[in-house]
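Here are the chains, one letter per residue:
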Amino acid sequence: MPTDAPPYAFRDPALLRLALTVPAAMRREPDNQRLEFLGDSVLGLLVAERLYRAHPELDEGGLSIWRDALVSTRGLAARLSRLGPWFEHGLDWGQSVYNRPEKAKVDACEAVIGAAWLDGGRNAVEAILSRLYAKGDFAKPPVALRTGTDASHGVDANPKGRLVQYAQINHTEPPLYTRLGMSGPSHEPTFTVAVRLDGREARGEGPSLKKAEIAAAAAWLAQHEPKKADTP
């Protein structure tokens with residue numbers, strides 16, 4: 001059950017306050033974007049390690065699909081209530097209304113993980129993950145792994161994982177992602193990424209490098225993956 005107390009007591013409360021400081025157009029003081037960048041990497045690593053140890057039967061593609069289902073914006077958003085009221089009530093929205101509140105909350109969650117990593121290392125982050133994830137999250141495969149698609153939207157749930165699987169099946173080099181640029185204001189940037197696989201390239205855009213890579217992978221599949229009707 002969610003509680004009012006954070007799962008980890010920060011030795012430096014200023015780090016937690018910074019992690020909960022949402023970017024805003026009129027904000028002059030630092031916000032949580034740098035901590036979100038760090039927390040995103042830490043979260044991906046520790047979730048990947050748990051899955052690697054728990055499921056030796058899965059290949060890289062399967063592990064990627066499961067990890068992404070747990071750490072994606074949608075996956076985290078579905079679990080934020082587990083953190084408890086301290087998280088929701090602690091968010092600092094600044095002087096203006098943020099136009100993507102769900103994403104801002106997910107980014108703040110990742111920022112809290114980054115702050116915990118700086119403040120107390122792995123043990124601090126594990127305390128947060130133990131609240132954020134249930135045992136079943138690492139035991140029952142997500143729909144995307146069982147079907148290869150997002151059941152609620154009928155679209156590919158993990159294009160990056162699909163590209164890895166394509167490379168493995170066709171014995172090619174792994175996908176190569178290249179950052180091409182960033183545009184827009186610092187509080188709401190747009191990244192452009194290219195992915196090259198099997199001598200062919202596609203591009204994608206997104207509000208973070210991770211989402212731009214996902215968009216590029218989806219574009220590559222849409223443009224270059226053989227359709228079932230085209231295969232013998």
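Please refer to the structure placed before this passage.
Let us look at the structure shown here. (Residues numbered from 1 in each chain as written. Predicted model: local features only at pLDDT ≥ 70, side-chain atom pairs only at ≥ 80, totals over all residues. Heavy atoms only, no water.)

1. Quick notes on the nonpolar core
Stage number 1. By size, the foremost hydrophobic cluster in this structure holds 39 residues, and its most contacted members are Phe87 and Tyr133.
Stage number 2. Elements with a minimum of two residues in this core: α1 (13-19), α2 (33-54), α3 (60-71), α5 (85-90) and α6 (101-132).
Stage number 3. If you tally residues by element for this core, the top one is α6, at 14 residues.
Stage number 4. Ignoring any residue separated from it by four or fewer positions in sequence, one finds phenylalanine 87 in contact with Leu20, Leu80, Lys105, Ala108, Cys109 and Val112.
Stage number 5. Within the second largest apolar cluster, 14 residues are counted, among which are Ala167, Ala202, Ala212 and Ala216. (Core = buried A, V, L, I, M, F, W, Y, C linked by side-chain atoms within 4.5 Å. Buried < 20%, exposed > 50% of the residue type's maximum accessible area, 1.4 Å probe, protein only. Helix = DSSP H or I, 4+ residues; strand = E, 2+ residues; numbered from the N terminus. Contact = heavy atoms within 4.5 Å.)

2. With respect to the environment of leucine 35
Stage number 1. If you trace the backbone, leucine 35 turns up in helix α2.
Stage number 2. The exposure class assigned to leucine 35 is buried, which follows from its relative accessible area of 7%.
Stage number 3. Among all residues touching leucine 35, those that are not within four sequence positions of it are Leu15, Leu18, Ala19, Glu110, Ala111, Gly114, Ala115 and Leu118.

3. A look at the packing of aromatic side chains
What characterises a pair of aromatic rings is the spacing of the ring centres plus the angle enclosed by the ring planes.
Stage number 1. A full pass over the atoms with the stated rule returns 4 aromatic pairs.
Stage number 2. A centroid spacing of 5.6 Å and a plane angle of 70° characterise the contact between tyrosine 133 and phenylalanine 138, whose relative ring orientation is edge-to-face.
Stage number 3. The interplanar angle of 65° and the centroid separation of 5.1 Å between the aromatic rings of tyrosine 166 and tryptophan 220 together place this pair among those described as edge-to-face. You can see tyrosine 166 sitting in helix α8 (residues 159-170) and its partner tryptophan 220 sitting in helix α9 (residues 209-224), a full 54 residues away along the chain. (Phe/Tyr/Trp six-rings, centres within 6.5 Å; stacked < 30°, edge-to-face > 60°.)

4. Observations concerning the pairing of strand β2 (residues 190-197)
Stage number 1. Burial analysis of β2 places 6 of its 8 residues in the buried class, the great majority of the element.
Stage number 2. Sheet analysis places strand β1 (residues 176-183) next to β2, joined by 7 bridges and oriented antiparallel. The partner of leucine 176 across the bridge, within β2, is arginine 196.
Stage number 3. The turn linking β1 back onto β2 is made up of 6 residues, and glycine 184 within it adopts a positive phi angle of 90°. (Pairing = 2+ DSSP bridges.)

5. Thoughts on the packing of α2 against α3
Stage number 1. For the pair α2 and α3, interaxial distance at closest approach is 10 Å and the crossing angle is 130°. In terms of orientation, α2 lies oblique with respect to α3. Every pair of crossing elements has a handedness; the one defined by α2 and α3 is right-handed. Counted together, Leu43, Gly44, Val47, Ala48, Leu51 and Tyr52 of α2 and Leu63, Trp66, Arg67, Leu70 and Val71 of α3 form the full contact between these two elements.
Stage number 2. A breakdown of the residues in the contact of α2 with α3 according to their chemical character gives 9 nonpolar, 1 polar and 1 charged. (Axes fitted to C-alpha atoms, helices over the stretch in contact; angles between N-to-C directions. Parallel < 35°, antiparallel > 145°, perpendicular 65-115°, else oblique. Left-handed = near helix turned anticlockwise from the far one by under 90°. Nonpolar A, V, L, I, M, F, W, Y, C, P; charged D, E, K, R; others polar.)

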